[in-house]
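Working through the structure, step by step
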Amino acid sequence: MAWYWIAIALGVLAPWLIMGQSIRIAFEERGAVGGLGTWFGACVLTVPILLFLSWIGTLIF
């Protein structure tokens, strides 16, 4: 049952891999609140997708 923890961790880290420069720019221009807001907005999309893909992976394998 550790698959969901891995999916959550990857979902939180994925925005830095996908749009890292945009998140860095948001931190520089809008401060911590803007940067964290941009990161959280991306996490809202990536975490559920990776949870779903991991769940499908556990069903198949």
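See the structure printed just above.
Description of the structure in this document. (Residues numbered from 1 in each chain as written. Predicted model: local features only at pLDDT ≥ 70, side-chain atom pairs only at ≥ 80, totals over all residues. Heavy atoms only, no water.)

**Remarks on the overall build of the protein chain**
To keep it simple, the criterion reads: For the purposes of this entry, the term helix denotes a DSSP run of H or I that reaches at least four residues, the term strand denotes a run of E that reaches at least two, and both are numbered from the N terminus. Partly exposed residues are those whose accessible area sits between 20% and 50% of the maximum for their type, while under 20% is buried and over 50% is exposed, using a 1.4 Å probe and protein chains only. Any two residues whose heavy atoms approach within 4.5 Å are treated as being in contact. The Shrake-Rupley method, run with a 1.4 Å probe, gives the accessible areas here. Residue values count only the displayed protein chains as cover.
When helices and strands are tallied, the protein chain shows one helix and zero strands. In the protein chain, which comprises 61 residues, the share counted as buried stands at 23%. Partitioning the intrachain contacts of the protein chain with sequence separation of at least 6 by distance along the chain shows that 61% fall at a separation of at least 24. Summing over all exposed atoms, the protein chain offers an accessible surface of approximately 4,500 Å²; the carbon and sulfur share of this is 77%.

**Focus on helix α1 (residues 3–60)**
This is how it is decided: Residue count minus one, scaled by 1.5 Å, sets the expected span of a helix. What the bend at a residue measures is the angle between two axes, fitted to the seven residues ending there and to the seven starting there.
A rise of 1.5 Å per residue sets the reference length of α1, with its 58 residues, at 86 Å; its end C-alpha atoms lie only 13 Å apart and thus fall more than 12% short of the reference. Roughly 145° is the biggest bend found in α1, and it falls at R30.

**A closer look at the environment of P48**
In this structure, P48 sits in helix α1. With relative accessibility at 44%, the residue P48 sits in the partly exposed group. C-alpha separation for the pair P48 and A7, spaced 41 residues apart in sequence, amounts to 8.7 Å.

**What to know about the packing of aromatic side chains**
Worth spelling out the cut-off: Side-chain rings of Phe, Tyr and Trp (the six-membered ring for Trp) are treated as a pair once their centres are within 6.5 Å; stacked means planes under 30 degrees apart, edge-to-face means over 60, and tilted covers the remaining angles.
One pass over the structure, following the stated rule, counts five aromatic pairs. Seen in terms of ring centroids, Y4 and W5 are 5.5 Å apart; in terms of plane orientation they differ by 45°. Their pairing is tilted. By relative accessible area, W5 is classed as exposed at 58%. Three or more aromatic residues joined by ring pairs form one cluster here, namely W3, Y4 and W5.

**What about the side chain of T46?**
One can find T46 in helix α1. The residues contacting T46, other than those within four sequence positions of it, are G11, A14, P15 and I18.

**As for the side chain of T38**
Here T38 is to be found in helix α1. Judged by relative accessible area, T38 falls into the buried class, the value being 18%. Those residues in contact with T38 that lie beyond four places of it in its chain are M19, I23, A26 and R30.

By themselves these figures say nothing about function.
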